[in-house]
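Structure assessment
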Amino acid sequence: MGMQHSETAGDGPLIPRPDRTPGALRAACAVVAPQLLTTYDQAKDQALAEAVDHGSLRPVHAFLNHWAALIEIERHPETAKAYHRAEYLAHVAVKPDEAREHLSTASGIYRAASRTVLAE
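For clarity, every value in this text was computed on a predicted model and none was experimentally measured. (Residues numbered from 1 in each chain as written. Predicted model: local features only at pLDDT ≥ 70, side-chain atom pairs only at ≥ 80, totals over all residues. Heavy atoms only, no water.)

1. Remarks on the overall build of the protein chain
- Scanning the protein chain for helices and strands turns up five helices and zero strands.
- Across its three principal directions, the C-alpha atoms of the protein chain cover 40 × 35 × 25 Å.
- Taken across its 120 residues, the protein chain has 32% of its residues classed as buried.
- Residue pairs at least 24 apart in sequence account for 59% of intrachain contacts in the protein chain once pairs closer than 6 positions are excluded.
- Put simply, the protein chain shows about 7,300 Å² of open surface, and 56% of that area lies on carbon and sulfur atoms.
- With 12 positive and 15 negative side-chain charges, the protein chain shows a spacing of 4 Å between the two charge centroids. (Helix = DSSP H or I, 4+ residues; strand = E, 2+ residues; numbered from the N terminus. Buried < 20%, exposed > 50% of the residue type's maximum accessible area, 1.4 Å probe, protein only. Contact = heavy atoms within 4.5 Å. Areas by Shrake-Rupley, 256 points an atom, 1.4 Å probe, with all protein chains shown as cover. Lys, Arg positive; Asp, Glu negative; His and termini not counted. Charge placed at Lys NZ, Arg CZ, Asp CG, Glu CD.)

If you want it as structure tokens, here you go:
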């Protein structure tokens, strides 16, 4: 499971799709996007705090669904590359139309990943 993005041919998954549990998603994140582990842990803590504050599991479910989609993107090197490129280009775009175009690309990739993991 220590495979890096460059060790795979094409856009096949680097690792099997993890279960939608905090532990499984964190373990997958450690392999395919270790740079996001701190963000993952902070988001999990925030979701748990919101769940307690609101007396609802909705924040936890939203957290799990969001991270399952992000991990789905990161499992596929070419998809991850396109997603991060679009996010970066949207951030540095000078014209609003350029930013919208790149954000549309990134959000389309995210929505497709989200549909994939929610269809399980």
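2. Comments concerning the confidence of the model for the protein chain
- Within the protein chain, residue pLDDT values average 92, and 92% of them lie at 70 or more.
- Contacts from residues 1-8, a stretch scored under 50 in pLDDT, to residues over four places away or in other chains number 14 contacts. (pLDDT = per-residue confidence, 0-100.)

3. Details of the packing of helix H4 (residues 77-92) against helix H5 (residues 96-118)
- Where H4 meets H5, the axes come as close as 8 Å, and the angle between the chain directions of the two elements is 150 degrees. By the angle class used here, H4 and H5 are roughly antiparallel. Judged by the twist between their axes, the crossing of H4 over H5 is left-handed. Touching Thr-79, Ala-82, Tyr-83, Ala-86, Glu-87, Leu-89 and Ala-90 of H4 are Ala-99, His-102, Leu-103, Thr-105, Ala-106, Ile-109 and Tyr-110, all from H5.
- Partitioned by chemical class, the residues of the contact of H4 with H5 number 10 nonpolar, three polar and one charged. (Axes fitted to C-alpha atoms, helices over the stretch in contact; angles between N-to-C directions. Parallel < 35°, antiparallel > 145°, perpendicular 65-115°, else oblique. Left-handed = near helix turned anticlockwise from the far one by under 90°. Nonpolar A, V, L, I, M, F, W, Y, C, P; charged D, E, K, R; others polar.)

4. Comments concerning the nonpolar core
- By size, the foremost hydrophobic cluster in this structure holds 28 residues, and its most contacted members are Leu-25, Val-32 and Trp-67.
- Residue assignment for this core shows that the elements contributing at least two residues are helix H1 (22-32), helix H2 (37-54), helix H3 (58-75), H4 and H5.
- Examining the composition of this core, we find that nine residues originate from one element, H3, more than from any other. (Core = buried A, V, L, I, M, F, W, Y, C linked by side-chain atoms within 4.5 Å.)

5. Re H4
- The first and last C-alpha atoms of H4 sit 22 Å apart over 16 residues, in line with the 22 Å expected at 1.5 Å per residue.
- Restricting attention to buried positions, one finds in H4 the residues Pro-77, Ala-80, Tyr-83, Ala-86 and Ala-90.
- Check the buried side of H4 and you find it contacts H3 and H5. (Expected span 1.5 Å × (residues − 1).)

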